[in-house]
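What follows is each chain in one-letter form.
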Amino acid sequence: MNLTISGHHLEVTPALRSYVTTKLDRIMRHFDQVVDVKVLLTVEKQKEKERRQRAECNIHVKGSDMFAESAHEDLYAAVDELVDKLDRQVVRHKDRLQNHHHEAPKRLM
């Protein structure tokens, strides 16, 4: 898995990088065919304080791409919300890939 964490208008500290990495391990636990992950952490220059910190993520898995974004007044809370959204998308994608059709039992006559 290729992981890219970048910041826009902020410096990505080692603590923030390790926090994002440990949170993304939850997604890897559900689905191991993740090819590429790009995380963008942003501080927007808005006058209001709420929803100023944004986290965006693109995940490329075998067969499709997934995108989620989250905004919060705290960057760590935005990352938590982002990972929750991505986790739901990955689990839904995994369920779609699984074959739910079973063969009918053969009848003896």
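These figures come from a predicted structure and were not determined experimentally. (Residues numbered from 1 in each chain as written. Predicted model: local features only at pLDDT ≥ 70, side-chain atom pairs only at ≥ 80, totals over all residues. Heavy atoms only, no water.)

Q: What is the right way to look at the pattern of salt bridges in this model?
A: Pairing between side chains of opposite charge can happen when the charged atoms of each approach one another. The full count for this structure, using the stated rule, is eight salt bridges. We note a salt bridge from Arg-26 to Asp-84, for which the minimum N-O separation is 2.8 Å. Placement of Arg-26 in helix 1 (residues 14–30) and of Asp-84 in helix 2 (residues 75–97) is noted, with a sequence separation of 58 residues between them. By relative accessible area, which is 25% here, Arg-26 ends up partly exposed. On the basis of relative accessibility, which here comes to 31%, the residue Asp-84 falls in the partly exposed class. One salt bridge in this structure joins Asp-36 and Lys-38, with 3.9 Å as the shortest N-O distance. Accessibility expressed as a relative area gives 45% for Lys-38, which makes it partly exposed. Connected through salt bridges with shared partners, the residues Glu-44, Arg-54, Glu-56 and Glu-69 form a single ionic network. (Salt bridge = Lys/Arg side-chain N within 4 Å of Asp/Glu carboxyl O. Helix = DSSP H or I, 4+ residues; strand = E, 2+ residues; numbered from the N terminus. Buried < 20%, exposed > 50% of the residue type's maximum accessible area, 1.4 Å probe, protein only.)

Q: Looking at this structure, how should I read helix 1?
A: A rise of 1.5 Å per residue sets the reference length of helix 1, with its 17 residues, at 24 Å; its end C-alpha atoms lie 25 Å apart and thus fit the reference within 8%. Where helix 1 is buried, its residues meet strand 1 (2–8), strand 2 (34–43), strand 3 (53–61) and helix 2. (Expected span 1.5 Å × (residues − 1). Contact = heavy atoms within 4.5 Å.)

Q: Where do I start with the sheet that holds strand 4 (residues 64–72) in this structure?
A: Within a sheet, adjacent strands bond to each other through the backbone by hydrogen bonds, running parallel or antiparallel. In spatial order, the strands read 1-2-3-4; together these four strands make up an open sheet with mixed pairing. The sheet is open, and its two edges are formed by strand 1 and strand 4, each paired on a single side. Averaged over all neighbouring strand pairs, the angle between strand axes comes to 10°, with direction disregarded. Along the sheet, helix 1 makes contact with strand 1, strand 2 and strand 3, crossing strand 2 at roughly 140°. Sitting on the sheet, helix 2 is in contact with strand 2, strand 3 and strand 4, with an inclination near 155° to strand 4. (Pairing = 2+ DSSP bridges. Axes fitted to C-alpha atoms, helices over the stretch in contact; angles between N-to-C directions.)

Q: How should the side chain of Glu-56 be read in this particular structure?
A: Along the chain, Glu-56 turns up in strand 3. Given the relative accessible area of 18%, Glu-56 is considered buried. Engagement of the side chain of Glu-56 in a polar contact is seen with the side chain of Arg-54, the distance being 2.3 Å. When neighbours within four sequence positions are excluded, Glu-56 is seen to be in contact with Lys-38, Val-39, Leu-40, Phe-67, Ala-68, Glu-69 and Leu-82. (Polar contact = N/O pair within 3.5 Å; in protein donor to acceptor, adjacent residues only side chain to side chain.)

Q: In this structure, what is going on with the pairing of strand 4? I would like to understand it.
A: Within a regular beta strand, the side chains point alternately toward one face of the sheet and then the other, so they alternate between its two faces. One ladder, built from nine bridges, connects strand 3 with strand 4; its direction is antiparallel. Looking at strand 4, one finds that Ala-55 is bridged to Ser-70. What sits between the antiparallel neighbours strand 3 and strand 4 is a turn of two residues, in which Gly-63 has the positive phi angle 110°.

Q: Would you mind going over the nonpolar core with me for this structure?
A: One recurring pattern in soluble globular proteins: nonpolar side chains tend to sit buried together. Grouped together as the largest cluster of nonpolar side chains are 24 residues, with contacts concentrated most on Val-39, Leu-41 and Ile-59. Listing elements by their share of this core, those giving two or more residues are helix 1, strand 2, strand 3, strand 4 and helix 2. Per element, the largest residue contribution to this core is seven residues, and it comes from helix 2. With sequence-adjacent residues up to four places away left out, Leu-41 is seen in contact with Ile-5, Ser-6, Gly-7, His-8, Leu-10, Leu-16, Val-20, Arg-54, Ala-55, Leu-75 and Val-79. (Core = buried A, V, L, I, M, F, W, Y, C linked by side-chain atoms within 4.5 Å.)

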